[in-house]
Amino acid sequence: MLTLLRTVFGVPLHILVAREGTSLPVFVEKALEIVEERGELPAPARCPARAHPSFPSGLSEVGIYRISGENRLILDTKEQLNRGGDPSKLLTFDVHNVSGLVKMFLRELPDSLIPFNFYDGFLEANGIDDYDDRLYALRDLVWKLPAPNFLLLRRLTEHLDRWVSPMSLTTI
């Protein structure tokens, strides 16, 4: 049986970061770093357009969050992490397995990254016709999120934003 003192997956975000004494879950930060550093294809497999210097380092792998990793490996690694396993062992994993663990972590949060009590507010803000007003309303809601949720959402957004400019060159 898993103890709550070590469990990473399925633990409320605020409890996890308080227990770890961090602003972001250690596993998530390490996994995102690995995706950013190791998501690069070997040179012969690269698309010539991806060789452009403006293309972010480590982000030329196709389908990082679209292509599934090895389910059995992802489940085994989840169990190891829940038993206190070292997230740095992810360095030896294929980037799709690491991204699969990140997706699983987010799916298994007991309260989603955007807590349910914010749901109606986000729907209402998204329905605002004026672009600037909608943007300000969404920004205000994001700033009201609990600190652990806000910080993780910000880190994930920064992570995914690295693909925005080369979006036409790659698919996530």
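In what follows, the structure referred to is the one given above.
Residues numbered from 1 in each chain as written. Predicted model: local features only at pLDDT ≥ 70, side-chain atom pairs only at ≥ 80, totals over all residues. Heavy atoms only, no water.

(A) Layout of the overall build of the protein. A count of helices and strands for the protein gives 7 helices and 0 strands. Counting helices and strands in the order they occur from the N terminus, the protein gives α-α-α-α-α-α-α. The buried share of the protein, taken over its 172 residues, is 38%. Here the analysis covers contacts within the protein between residues at least 6 apart in sequence; of these, 69% occur between residues at least 24 apart. (Helix = DSSP H or I, 4+ residues; strand = E, 2+ residues; numbered from the N terminus. Buried < 20%, exposed > 50% of the residue type's maximum accessible area, 1.4 Å probe, protein only. Contact = heavy atoms within 4.5 Å.)

(B) Seen up close, the packing of aromatic side chains. If you walk through the whole model with that rule in mind, you get 5 aromatic pairs. Among the aromatic residues, those joined into a cluster by ring pairs are Phe9, Phe27 and Phe105. (Phe/Tyr/Trp six-rings, centres within 6.5 Å; stacked < 30°, edge-to-face > 60°.)

(C) Region of the structure containing a negative patch on the surface. Residues Asp129, Asp130, Asp132 and Asp133 make up a contiguous surface patch of negative charge. Counting through the fold element by element, Asp132 comes out in helix α6 (residues 131–143). (Patch = residues over 30% accessible without salt bridge, like charges linked within 9 Å, V, L, I, M, F, W, Y side chains within 5 Å. Areas by Shrake-Rupley, 256 points an atom, 1.4 Å probe, with all protein chains shown as cover. Salt bridge = Lys/Arg side-chain N within 4 Å of Asp/Glu carboxyl O. Lys, Arg positive; Asp, Glu negative; His and termini not counted. Charge placed at Lys NZ, Arg CZ, Asp CG, Glu CD.)

(D) Looking closely at the pattern of salt bridges. Inspection of the entire model under this criterion finds 5 salt bridges. Residues Asp76 and Arg72 are paired through a salt bridge, measuring 2.9 Å at the closest nitrogen-oxygen approach. Taken as a pair, Asp76 and Arg72 lie in helix α3 (residues 71–82) at a separation of 4 residues, close to a single helical turn. Given the relative accessible area of 32%, Asp76 is considered partly exposed.

(E) Examining the environment of Asp94 more closely. Among the structural elements, Asp94 can be located in the loop between α3 and α4 (95–107). Distance from Asp94 to Arg38, taken between C-alpha atoms, is 8.4 Å for residues 56 residues apart in sequence. At 2.8 Å, the side chain of Asp94 forms a polar contact with the backbone nitrogen of His96. (Polar contact = N/O pair within 3.5 Å; in protein donor to acceptor, adjacent residues only side chain to side chain.)

(F) Highlighting the packing of helix α2 (residues 26–38) against α4. Between α2 and α4, the shortest axis-to-axis distance is 9 Å and the interhelical angle comes to 145°. Of the two elements, α2 crosses α4, and the hand of that crossing is left-handed. Contacts between α2 and α4 involve Phe27, Val28, Ala31, Leu32, Ile34, Val35 and Arg38 from the first element and Val95, Val98, Ser99, Leu101, Val102 and Phe105 from the second. Considered class by class, the residues forming the contact of α2 with α4 number 11 nonpolar, 1 polar and 1 charged. (Axes fitted to C-alpha atoms, helices over the stretch in contact; angles between N-to-C directions. Left-handed = near helix turned anticlockwise from the far one by under 90°. Nonpolar A, V, L, I, M, F, W, Y, C, P; charged D, E, K, R; others polar.)

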